[in-house]
Amino acid sequence: MRIISFIATMAAAVGTAHAEPDCAALTSANIPSTTVESAERTPATFTINDTYREGNAAPVTVNRSFCRVKGLIKPSPTSQIHFEVWLPDDWNGDYFQTGNGGLAGTIRYPEIAHALNRGFASASTDDGTSRSNFAWAIDPERMLDFRDRAVHYTAVAGQKLTEIYYGREAGNRFFLGGSKGGQEAMNEVQRYPEDFDGVVALYPATRGEFQAASTLWYAQQMTRTPGSLLKEPQLRLLHTAALRACAGTDGGLKSDWFLTDPRKCKFDPQRLQCKPGQSDDCLTAEQVITAKALYAGPKNFPELRMLPGGEWPQLGNLHGWSVLDGTLVKAFSLELSIGQGVFHQPKWTYRDFDIDRDMPRLIESSAPSPGNTFDPDLKAFQARGGKLILIHGWSDPMVPSLHSPLYWDRVVADQAEGRTPKEAVARTRQFLRLFMVPGYGHGYGDGLEPADPLTAIVKWVKTDTPPETLQAVAYEDSAAWAAASRSPSAFTPDEARDRPVRLTRKLCAWPAKAEITAKETKCKLP
């Protein structure tokens, strides 16, 4: 009888070990502040619209069945944080969560589909906002969800659902986001260092008050007088002239159509000023003043200056300086949020902004806010073995490119106690790698693009081997890709495998300098 009982027990154990995970049972999961609204297996071919990019964006198709979980998180009575977790049959043992962008309001389907296809349990949240009703923006609790809580609560819920479904915790947890999602990445490593093991922050909007100030100040320069605006012909002229003057002198090759380190470019737009009787292919005196102001930045905040080389990329006006004319002021409702929210002046416009007078007030208003993620103290994340890759383009018109090198310097300074400068840099590079990308704007660019940062962070976490270089690619079809509202290749690199490649080049991990030849790139630390 003992033998029969033993055989029965072993058979039951084997049956349990190979049992299919119960997707529907996840609706009964007990997670604080969280309701699982549905948990269903998808058909073998699953298609859903890309609700973030809308317009002409292609639908997202997944050619496999998986467990799709939809939920609602309410850390406050008015919170409306929606999230989804996609759980694959061929799980690789890890968890992935993507960041959002802009004012969020949707699930990022292309990004979680891409991660699902790589075997990750994948999650995304709409950050608790809405694209059709902006009432959330005046609700302090929902604003807190947007700026801080949504990503963290989704990480808690998503990782718990993953554990329940597969019967074990995820081996490693990864996060990747850009712009607002980059800010979310930085918020995680600074405020919730236990949530993720590996994090990638692309062009992160880390300094909300400085980004707002720069956007207002740029608009003032562009619209200072009726004749000061730089339109497409002038931006093209500036772009071409800057490249002609500096390509090959900034560490890159003369044949490059982008600048490798635009900080080294000393291009003077004065040389483009119209001569008497000239009206074509030149700048008026007013336009020269505008260009000089943008290249120089505000007198007391030079880190907000625009850099040569990003004036008019081939991708068109959504990715060059033309958005500095007030387009971004309207897109982010800055006159409303700052005029009423900070200065309490209903009729306030961007023209009323004085950066020297008003900057302290902006800093004061955002200092205690989770939206400000420029804190250099990453010691808690560092102590638990976390790894962070920070990526920013030299041609970003929305988040000033110099913010990321400045943040790097602040982290090094925070690590410097009792150490030499060289030791502080070496210690920082143990957990943080910064890559600056030539010709890369805000998600897109007609120069280089980071090829596959997710693979880089996964390898670093799993092998404890930090990346000395990061592969970058310039595609022939960058303009068409952006025009079609396709997800930036840094987020969905597997979709880019068949894209025509114009150039590949390695990026050096900061502060190493690139020594570039036609055959190779060598990185040398100072």
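Model, not experiment: these values are computed from the prediction.

The rules we used
Residues numbered from 1 in each chain as written. Predicted model: local features only at pLDDT ≥ 70, side-chain atom pairs only at ≥ 80, totals over all residues. Heavy atoms only, no water. Helix = DSSP H or I, 4+ residues; strand = E, 2+ residues; numbered from the N terminus. Buried < 20%, exposed > 50% of the residue type's maximum accessible area, 1.4 Å probe, protein only. Contact = heavy atoms within 4.5 Å. Lys, Arg positive; Asp, Glu negative; His and termini not counted. Charge placed at Lys NZ, Arg CZ, Asp CG, Glu CD. Pairing = 2+ DSSP bridges. Axes fitted to C-alpha atoms, helices over the stretch in contact; angles between N-to-C directions. Parallel < 35°, antiparallel > 145°, perpendicular 65-115°, else oblique. Left-handed = near helix turned anticlockwise from the far one by under 90°. Nonpolar A, V, L, I, M, F, W, Y, C, P; charged D, E, K, R; others polar. Salt bridge = Lys/Arg side-chain N within 4 Å of Asp/Glu carboxyl O. Disulfide = S-S within 2.5 Å. Core = buried A, V, L, I, M, F, W, Y, C linked by side-chain atoms within 4.5 Å. pLDDT = per-residue confidence, 0-100.

The secondary structure content of the chain amounts to 15 helices and 16 strands. Reported as C-alpha extents along the three principal axes, the dimensions of the chain are approximately 110 × 60 × 55 Å. Relative to its 526 residues, the chain shows a buried fraction of 58%. Taking the intrachain contacts of the chain between residues at least 6 apart in sequence as the baseline, contacts between residues at least 24 apart amount to 71%. In the chain, 58 positive and 61 negative side-chain charges are present, and the distance between their average locations comes to 4 Å.

Let's shift gears to the pairing of strand E13 (residues 469-475). Where burial is concerned, most of E13 is hidden: five out of the seven residues are buried. Bridge analysis of strand E12 (residues 449-450) against E13 gives two bridges, and the strand direction is antiparallel. The partner of Pro450 across the bridge, within E13, is Ala472. Note: E13 against strand E14 (residues 501-508), seven bridges, orientation antiparallel. Bridging across to E14, Ala474 finds its partner in Leu503.

Packed helices, taken two at a time, are described by the angle their axes make and the gap between the axes. Their axes nearest at 8 Å, the elements helix H12 (residues 403-414) and helix H13 (residues 421-428) cross at an angle of 110 degrees. As summarised for this structure, H12 and H13 are arranged roughly perpendicular, according to the angle between their axes. In this structure, the crossing between H12 and H13 has a hand that is right-handed. In contact with Trp408, Val411 and Val412 of H12, H13 contributes Ala424, Val425 and Thr428. In terms of residue class, the contact of H12 with H13 is made up of five nonpolar, one polar and no charged.

Attention now goes to the pattern of salt bridges. Taken as a whole and assessed by the stated rule, the structure comprises 30 salt bridges. Across the salt bridge formed by Lys379 and Asp414, the nearest N and O atoms sit 2.5 Å from each other. Remark: Asp414 occurs in helix H12 and Lys379 occurs in helix H11 (residues 379-383); sequence separation between them is 35 residues. Taking relative accessible area as the criterion, Lys379 reaches 38% and is therefore assigned partly exposed. In this structure, the salt-bridge partner of Glu468 is Arg433, at a minimum N-O distance of 3.2 Å.

This brings us to the state of the cysteines. On inspection of all chains with the given rule, the structure shows four disulfides. Two residues share a disulfide in this structure: Cys23 and Cys67, whose sulfurs sit 2.1 Å from each other. Torsion about the S-S bond of the Cys23 and Cys67 cystine: about 80 degrees, corresponding to right-handed handedness. A residue pair is termed long-range when its members are at least 10 positions apart, and Cys23 in the loop between helix H1 (2-17) and strand E1 (34-41) and Cys67 in strand E4 (residues 66-73) qualify at 44 residues. You'll find Cys23 and Cys67 in the same group, each marked buried. Across the disulfide, Cys274 is cross-linked to Cys282 (sulfur-sulfur distance 1.9 Å). A torsion of 90 degrees about the S-S bond marks the disulfide between Cys274 and Cys282 as right-handed. Assigning the bonded cysteines of the chain consecutive numbers by sequence position, one obtains the connectivity 1-2, 3-4, 5-6, 7-8.

Turning our eyes to something else, we now look at the sheet that holds E13. Remark on secondary structure: sheet strands pair via backbone hydrogen bonds, oriented parallel or antiparallel. Spatially, three strands are ordered E12-E13-E14 in an open sheet, and the strand pairing comes out antiparallel. Each edge of the sheet is formed by a strand with only one pairing partner; in this case those strands are E12 and E14.

Here we come to the nonpolar core. Leu26, Val69, Leu87, Leu161, Val199 and Leu388 are the most contacted members of the largest nonpolar core, which has 50 residues in total. Here the element with the most residues in this core is helix H3 (residues 140-166); it accounts for seven residues. Val69 has contacts with Leu26, Val36, Ser38, Ala39, Phe83, Glu84, Val85, Leu87 and Leu161, leaving out every residue within four places of it along the chain. Within the second largest apolar cluster, 47 residues are counted, among which are Tyr218, Ala219, Trp312 and Ile338.

This brings us to the confidence of the model for the chain. For the chain, the average pLDDT comes to 91, and 94% of its residues sit at 70 or higher. Counting contacts from residues 1-18, a segment whose pLDDT is below 50, to residues more than four positions away or on other chains yields zero contacts.

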